Amino acid sequence: MSAEAHTSLYFVRHAESQFIEGQERERGLTDQGHRDAEKITNLLRAEDVEVFYSSPYLRAVQTIQMLADVVGRPVLIEEDLRERALSGSHIKHDDFYDAKRQLYLDAAFAFPGGESGSDAQARAVRIIEHLLRKHAGEKVVIGTHGDIMTLIFQYYDPSFGFEFWKSTTMPDIYRMDWNVVDRKLLKITRMWE
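As the structure is a prediction and not an experimental result, all values here were calculated from the model.

Caption draft 1: Focus on a nonpolar patch on the surface. Residues Met66, Val70 and Val71 make up a contiguous nonpolar surface patch of roughly 200 Å² in combined accessible area. Along the chain, Val70 falls in helix α2 (residues 58–71). A relative accessible area of 41% places Val70 in the partly exposed class.

Caption draft 2: Seen up close, the side chain of Asp177. Following the sequence through the fold, Asp177 ends up in strand β5 (residues 172–179). Among the residues examined, Asp177 registers a relative accessible area of 3% and is labelled buried. Within polar-contact distance, the side chain of Asp177 engages the side chain of Ser8 at 2.6 Å. In this view, Asp177 contacts His6, Thr7, Ser8, Lys184, Leu185, Leu186 and Lys187; residues no more than four positions away in its chain are not counted.

Caption draft 3: Seen up close, the packing of helix α1 (residues 31–44) against α2. The geometry of α1 relative to α2 is characterised by a closest axis approach of 8 Å and an angle of 40° between their N-to-C directions. Classified by the angle their axes make, α1 and α2 are oblique. Regarding α1 and α2, the two cross each other, and that crossing is right-handed. Contacts between α1 and α2 involve His34, Ala37, Glu38, Ile40, Thr41 and Leu44 on the former and, on the latter, Gln62, Thr63, Met66, Leu67 and Val70. Taken together, the residues that form the contact of α1 with α2 break down as 6 nonpolar, 4 polar and 1 charged.

Analysis parameters
- Residues numbered from 1 in each chain as written.
- Predicted model: local features only at pLDDT ≥ 70, side-chain atom pairs only at ≥ 80, totals over all residues.
- Heavy atoms only, no water.
- Patch = residues over 30% accessible without salt bridge, like charges linked within 9 Å, V, L, I, M, F, W, Y side chains within 5 Å.
- Areas by Shrake-Rupley, 256 points an atom, 1.4 Å probe, with all protein chains shown as cover.
- Salt bridge = Lys/Arg side-chain N within 4 Å of Asp/Glu carboxyl O.
- Helix = DSSP H or I, 4+ residues; strand = E, 2+ residues; numbered from the N terminus.
- Buried < 20%, exposed > 50% of the residue type's maximum accessible area, 1.4 Å probe, protein only.
- Polar contact = N/O pair within 3.5 Å; in protein donor to acceptor, adjacent residues only side chain to side chain.
- Contact = heavy atoms within 4.5 Å.
- Axes fitted to C-alpha atoms, helices over the stretch in contact; angles between N-to-C directions.
- Parallel < 35°, antiparallel > 145°, perpendicular 65-115°, else oblique.
- Left-handed = near helix turned anticlockwise from the far one by under 90°.
- Nonpolar A, V, L, I, M, F, W, Y, C, P; charged D, E, K, R; others polar.

So, in structure tokens, the structure goes:
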């Protein structure tokens, strides 16, 4: 298949970021996160990526910024690529995985002040569909988060869910290849080791 016949979306889950309650948008990468961002740059540099989009959260932007700088392209921010809001209040670490599992078991469920899987998925998939139309035949990097990335994948392939989300790392990279003609998903490939 020629390069013109397909579109590749590179989902880059953000690198390590120290959790600071109430600073979901502002918290950046740790020292290890910056080192991993450099590894991402070295890995994806050979892919000849043409376009960069990101969640507005600083850790997602910082994870792909070095690569965008090397390529000489801006990182374009898309608000609707932000991470799913789990709840309006902090969920204890001991309850975190149970809370996530519950959200994946019932796509319409949301904790008070949080966002359901179906709502988060709908807003993010709108952006993905737009990018597939706008950048047909191109290679696009998307700075993202584990939960919203899983929900996007799940929309196109229902086998993605809680267990996949739990298996992802920080950082992580998955490439989605699409047929340009019918915008059919060809495959999702993990690129990070």
